[in-house]
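A closer look at the structure
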Amino acid sequence: MGRLFVVNLEGKIYSCKHCRTHLALCEDVVSKSFHCRHGKAYLFSKVVNVSVGEKEERLMMTGMHTVADIFCVGCGSIVGWKYVRFGGRDFKKILVFVCYLMQLVI
């Protein structure tokens, strides 16, 4: 396995609740009123220190979407997912990440 490089953020941050690896800045929150099957979640425009899993079609509350789970690079915990396609719209230029609130710590 290669060497792990972790980005350390400055300011008010969200981090993994298991290993405290920095994941996002508070200013990158797009929405705090997001809900998923695991409960409350936050929508972010940018996250760091995550690896992206395989793309898959997933039935969400708003219909069928293509998503990929995202994992903390520090401990491997699933912290949310990334939208790849949302209702027929491609997200190649716009990055949208959803992080489970229960996996985050400020």
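Our subject is the structure listed above.
Residues numbered from 1 in each chain as written. Predicted model: local features only at pLDDT ≥ 70, side-chain atom pairs only at ≥ 80, totals over all residues. Heavy atoms only, no water.

Inspection of every chain in the model, using the stated rule, returns two salt bridges. Note that Glu 56 is salt-bridged to Arg 58, the shortest N-O span being 3.2 Å. Among the residues examined, Arg 58 registers a relative accessible area of 8% and is labelled buried. A salt bridge links Arg 58 to Asp 69; the nearest nitrogen and oxygen atoms lie 3.0 Å apart. (Salt bridge = Lys/Arg side-chain N within 4 Å of Asp/Glu carboxyl O. Buried < 20%, exposed > 50% of the residue type's maximum accessible area, 1.4 Å probe, protein only.)

This brings us to the packing of aromatic side chains. One pass over the structure, following the stated rule, counts four aromatic pairs. Their ring planes at 80° and their centres at 5.5 Å tell us that Tyr 14 and Phe 44 sit as a pair that is edge-to-face. Of this pair, Tyr 14 sits in strand S1 (residues 13–16) while Phe 44 is found in strand S4 (residues 39–44), placing the two residues 30 residues apart along the sequence. Pair check on accessibility: Tyr 14 and Phe 44 agree, each one buried. Centroid distance Trp 81 to Tyr 83: 6.1 Å. Interplanar angle 80°. Geometry classified as edge-to-face. By relative accessible area, Trp 81 is classed as buried at 2%. Exposure remark for Tyr 83: the relative accessible area of 5% places this residue in the buried category. (Phe/Tyr/Trp six-rings, centres within 6.5 Å; stacked < 30°, edge-to-face > 60°. Helix = DSSP H or I, 4+ residues; strand = E, 2+ residues; numbered from the N terminus.)

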